[in-house]
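Letter by letter, the chains look like this.
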Amino acid sequence: MELAILDWIQLHLRWEFLDAVMPAVSRLSDHGEIWILLAAVLLLFRRTRPAGAALACGLVLDLVACNMILKPLIGRVRPFVVNPAVELLVAPPLDASFPSGHTAASLASATALWTAGSPLWKPAMVLAVAIALSRLYLYVHWPTDVLGGAVLGAAVGWLGARIAEKGSAFRKRT
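Counting restarts for each chain, with residues numbered from 1 along the sequence as it is written. In keeping with the model being predicted, local features are shown solely for residues with a pLDDT of at least 70 and side-chain atom pairs are shown and tallied solely at 80 or more, while totals for entire chains, interfaces and linings include all residues. Excluding hydrogens and water, the side-chain figures rest on all heavy atoms present in the structure.

1. Quick look at the pattern of salt bridges
Salt bridges, as used here, are contacts in which a Lys or Arg side-chain nitrogen is within 4 Å of a carboxyl oxygen on Asp or Glu. Scanning all chains against the criterion turns up seven salt bridges. With its nearest N and O atoms 2.8 Å apart, the salt bridge here joins Arg76 to Asp145. In this pair, Arg76 is assigned in the loop between helix H4 (49-74) and helix H5 (79-82) and Asp145 in helix H8 (residues 143-173), connecting sequence segments 69 residues apart. Buried residues are those whose accessible area, probed at 1.4 Å on protein chains only, stays under 20% of the maximum for their type, while exposed residues exceed 50% and partly exposed ones sit between those limits. Relative accessible area serves as the criterion here: at 25%, Arg76 is assigned to the partly exposed category. Via salt bridges that share partners, Glu2, Arg76 and Asp145 belong to a single interconnected network. Here a helix means four or more residues in a row that DSSP labels H or I, a strand means two or more in a row labelled E, and each is numbered from the N terminus.

Right, here's the structure in full:
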């Protein structure tokens, strides 16, 4: 059924404009670059430092859970390997498919910002959803990879914000 969803996207939603835009959207989070940069900028200023710490903690938890534990443990094959007839618009990823790291990092970031009370969570969530959808459009993840990445990202984003919050409370007492 998942292959049918991806094939439906290829058949009905492929559009020249999106063929140009979706790889660029996906590249924003190839290694979490956009989210790491945002965390670094937020950490520079006292007023936004709590949100930056929450974001950074969420990203570290995501890196460990997604890329160091789940992807190697599960080792799921990517959809373009199952259906090599599809025309890829990006270089084929070499790691395992589940969960989607792009989606997990993006949802971790948006959730951490939301949990920390930053107004940046809304544009971050819009970008996170666009990145998640790009992974399906580009045929590099199964729908359940993206769903799993979203759930994992939301969980580690929330946890990262809570850890950062506890850390700042500890520093204030000492």
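2. Focus: unusual backbone geometry
Leaving glycine out, the prevailing phi sign among residues is negative, and the prevailing peptide bond configuration is trans. Residue Phe98 is joined to Pro99 through a cis peptide bond whose omega torsion reads -10 degrees. Here Pro99 lies in the loop between H5 and helix H6 (101-115).

3. Here's the deal with a nonpolar patch on the surface
A surface patch of nonpolar side chains, amounting to about 660 Å² of accessible area, comprises Val60, Leu63, Val64, Met68, Ile69, Leu73 and Ile74. The exposure class assigned to Leu63 is partly exposed, which follows from its relative accessible area of 44%. Patches here are clusters of residues that have more than 30% relative accessible area and form no salt bridge, with a 9 Å joining cutoff for like charges and a 5 Å cutoff for nonpolar side chains (Val, Leu, Ile, Met, Phe, Trp, Tyr). Accessible surface is estimated by sampling points in the Shrake-Rupley manner with a 1.4 Å probe; for residues, cover comes only from the protein chains shown.

4. Things to note about H4
For a helix, the expected span equals 1.5 Å multiplied by the residue count minus one. Taking 1.5 Å of rise per residue, the 26 residues of H4 would be expected to cover 38 Å, and the 35 Å separating its terminal C-alpha atoms lies within 8% of that figure. Turning to H4, its buried residues number three or more, namely Ala51, Gly52, Ala54, Leu55, Gly58, Leu59, Asp62, Ala65, Cys66 and Lys71. The positive-phi residue at the C-terminal boundary of H4 is Gly75, with phi of around 60 degrees.

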